Amino acid sequence: MRTLQLPRMSTEKPFRNYRHKDNGDCTNHLHQEFNQKCPNIVWVSDFTYIRVAGKWYYLCIVMDLFSRKVIAWNISAKPDVDLVMTAFKKAYDKRNCPKGLMFHSDRGSQYTAFAFRQLLDSLNVVQSFSKKGYPFDNACCECFFKYLKKEETNRRTYHSLQELQLSIFEYIEGFYNSRRPHGSLGMLTPNEKEELFWNQD
C-alpha cells in the first residue's frame, strides 16, 4: 500500500448503543430467496456507519433484490427510525407505490419500531426479518456495504456531510447501479437488468 501510495483503510467503529428487539412478529418470510423474478417484489434494507470530520454518520439503503439496484438511500447523524423511514419513503415514491411488496431487514430497533411497522402495515407491505445475529439472511446488503467501503469510503477522508453525500451519490448512481457488473445478474449492471425486464415484448 505504501509503494502504491494508497491511503490507509479505516477500521474504526462507532459505539453501538442500539439494541435488537423482537417487537411483535419477527418472521423471516424471505428464507434467503435472493433471486426474484421481477422488480418490486422484495426490497431489502440495512445501514452502515461512515466517519466525517471526527463524527459518525449513518447510511441506510433500500435495494431491489431482482436487480440488486439501490433504489433509495438516506444519510443521518442518528441511527434512529427516521433514518430508515425516510429511505423507505424515497424508494416507495420512486417506484410509484408498488403493490404486493415484501420488505426484509435485520431486527434492529429502527426496523422493529412501532412507527415504521405501522407505516408498512398502512401500505400493506409484508415485513420480513433476518434471524437474530445471522447476517447471511441479508447477504445482498452486507455485500453492497463491503464493496462501498472497499472501493469508496474507506479510501477517502471526508471533511463535511456534503462531501459524503456527493461521494455516496457518485458511487451509487455513477458506478454501482450503472457500471458495476454482477455475477448474480449474468454480468449485467443493475440498470441493465431492469432495462431488459421493462423492455420485454
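Details of the structure are given in the entry above.
About the criteria used
- Residues numbered from 1 in each chain as written.
- Predicted model: local features only at pLDDT ≥ 70, side-chain atom pairs only at ≥ 80, totals over all residues.
- Heavy atoms only, no water.
- Buried < 20%, exposed > 50% of the residue type's maximum accessible area, 1.4 Å probe, protein only.
- Helix = DSSP H or I, 4+ residues; strand = E, 2+ residues; numbered from the N terminus.
- Arc of directions from axis to C-beta.
- Contact = heavy atoms within 4.5 Å.
- Pairing = 2+ DSSP bridges.
- Axes fitted to C-alpha atoms, helices over the stretch in contact; angles between N-to-C directions.
- Parallel < 35°, antiparallel > 145°, perpendicular 65-115°, else oblique.
- Left-handed = near helix turned anticlockwise from the far one by under 90°.
- Nonpolar A, V, L, I, M, F, W, Y, C, P; charged D, E, K, R; others polar.
- Phe/Tyr/Trp six-rings, centres within 6.5 Å; stacked < 30°, edge-to-face > 60°.
- Lys NZ or Arg CZ within 6 Å of the ring centre and 35° of its normal.

## Regarding helix α3 (residues 114-122)
Phase 1 of the analysis: Buried within α3 are the following residues: F116, R117, L119 and L120. The buried residues of α3 occupy one face: seen down the axis, they fall within an arc of 155 degrees. Facing away from the buried side of α3 by over 90 degrees, the exposed positions are F114, D121 and S122.
Phase 2 of the analysis: Where α3 is buried, its residues meet α1 (81-94), β4 (102-105), α2 (109-112) and β5 (126-129).
Phase 3 of the analysis: Directly beyond the C-terminal end of α3, a positive phi value near 60 degrees is found at N124.

## Observations concerning the environment of L30
Phase 1 of the analysis: Relative to the helices and strands, L30 resides in the segment before β1 (42-52).
Phase 2 of the analysis: Residues L30 and N138 lie 108 residues apart in sequence; the distance between their C-alpha atoms is 9.4 Å.
Phase 3 of the analysis: The residues contacting L30, other than those within four sequence positions of it, are Q36, V42, V44, L65, M102, H104, S128 and D137.

## A closer look at the pairing of strand β2 (residues 55-64)
Phase 1 of the analysis: For β2, the buried fraction is high: nine of the 10 residues fall into the buried class.
Phase 2 of the analysis: Sheet topology note: the β1/β2 ladder contains 10 bridges and is antiparallel. Across the sheet, the residue bridging to S45 is V62, located in β2.
Phase 3 of the analysis: Between β2 and the antiparallel strand that follows it, strand β3 (residues 69-76), lie four residues; R68 among them carries a positive phi value of about 60 degrees.

## Some details on the packing of α1 against α3
Phase 1 of the analysis: It is at 9 Å that the axes of α1 and α3 come closest, and there the two elements cross at 20 degrees. As far as their axial angle goes, α3 and α1 are roughly parallel. Crossing of α1 over α3 shows left-handed handedness. Facing V81, V84, M85, F88 and K89 of α1, the residues of α3 in contact are A115, F116, L119 and L120.
Phase 2 of the analysis: Tallied by class, the residues present in the contact of α1 with α3 amount to eight nonpolar, no polar and one charged.

## Some points on the packing of aromatic side chains
Phase 1 of the analysis: This model, assessed by the stated rule, comprises 17 aromatic pairs.
Phase 2 of the analysis: Through a chain of ring-to-ring contacts, the aromatic side chains of W43, F88, Y92, F103, Y111 and F116 assemble into a single cluster.
Phase 3 of the analysis: Positioned above the aromatic ring of Y49, the side-chain terminus of K149 is 3.9 Å from the ring centre.
Phase 4 of the analysis: Directly above the aromatic system of Y147 lies the positively charged group of R180, at a separation of 4.4 Å from the ring centroid.

## Description of unusual backbone geometry
Phase 1 of the analysis: The backbone phi angle of Q32 is positive, close to 60 degrees, even though this residue is not glycine.
Phase 2 of the analysis: Within the element layout of this structure, Q32 appears in the segment before β1.
Phase 3 of the analysis: For Q32, a relative accessible area of 35% translates into the label partly exposed.
Phase 4 of the analysis: Its identity as a non-glycine residue notwithstanding, M187 has a phi of 65 degrees, on the positive side.
Phase 5 of the analysis: Structurally, M187 is set in the loop between α5 (161-176) and α6 (190-198).
Phase 6 of the analysis: On the basis of relative accessible area, M187 is assigned to the exposed category, the value being 53%.

Treat this as a map of the structure, not an account of what it does.
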